[in-house]
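Single-letter residue listing:
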Amino acid sequence: MSVIRPLLNIYLRQFEKRRLARSHDIAQARRAFARNARLFFHAPRGTRITTMTLPNDGSALRVTPRNLRSDLVVFYIHGGAFVFGSPETHAAMMGQLAARIGTTVVLPRYRLAPETPFPAAIDDIEHAYLALIASGVAASNIVIGGDSAGATLVFNLLSQIIKRG
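Along each chain, residues carry numbers from 1 onward, in the same order as the chain's sequence is written. Reporting of local features is limited, given that this is a predicted model, to residues whose pLDDT is at least 70; pairs of side-chain atoms are given and counted only at 80 or more, and all residues count toward the totals for whole chains, interfaces and linings. To get the side-chain values, take all heavy atoms of the structure and skip hydrogens and water.

**Observations concerning the side chain of Asn36**
The criterion, for reference: A run of DSSP states H or I qualifies as a helix once it reaches four residues; a run of E qualifies as a strand once it reaches two. Both are numbered from the N-terminal end. Throughout, a residue-residue contact means that at least one pair of heavy atoms, one from each residue, lies within 4.5 Å.
Mapped onto the secondary structure, Asn36 falls in helix 2 (residues 26-40). The residues touching Asn36, leaving out its near neighbours within four places in the chain, are Tyr11, Glu16 and Arg19.

**Comments concerning the environment of Gly95**
Looking at the element boundaries, Gly95 is found in helix 3 (residues 87-101). Each C-alpha atom of the pair Gly95 and Arg66 lies 9.8 Å from the other, and the pair is 29 residues apart in sequence. In this structure Gly95 touches Ala43, Pro44, Thr47 and Val63, once residues within four positions along its chain are discounted.

**Digging into the nonpolar core**
We count it as follows: To define a nonpolar core, start from buried Ala, Val, Leu, Ile, Met, Phe, Trp, Tyr and Cys residues and group those joined through side-chain atoms within 4.5 Å. A simple rule labels every residue: compare its accessible area, found with a 1.4 Å probe on the protein chains alone, to the largest value its type can have, and call it buried under 20%, exposed over 50%, or partly exposed in between.
If you look at the biggest cluster of nonpolar residues, it comprises 22 residues, and the most contacted ones within it are Phe75, Ile77, Val106, Tyr110, Ile125, Leu132 and Leu153. Elements with a contribution of two residues or more to this core: strand 1 (48-54), strand 3 (73-77), helix 4 (120-134) and helix 5 (149-164). Discounting chain neighbours no more than four positions away, the residues touching Leu153 are Ile77, Phe82, Tyr110, Ala121, Ile122 and Ile125. Counting residues in hydrophobic clusters, the runner-up holds nine residues, among them Leu61, Ala91, Ala98 and Leu107.

See below:
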């Protein structure tokens, strides 16, 4: 990925950023974002990506590497400025991570703005985390991570976990 990263950054700055700035149709911009994620990024061979149904109409993707070596679970919250992105747009990247560390990654789905107002995303992430615990995964075996808006949701989730003790 290190050889491709500089070229990808140039492409994103020169083309995608400009296209998104001109876009007035959020649904069309989201479809383009998802299509480009499928074109540019691929999980390693043998990676299983399955949908998990969660309580309260929630869902998540479970990314499992071919060689599972750990009972840790990475709970990864995707970024996208609270407007773009989905578990699917980040699944290939998490497939690479899962393969390298030999563990499962769970990517929760959260409702996006502007259709869904604050604090919907926060509520969705907290419900997904509690559902993961309820499924039998010990809290001590969960590693929480995220990028961009997802990192903001990580900090919020951590504050809720601490608040609950």
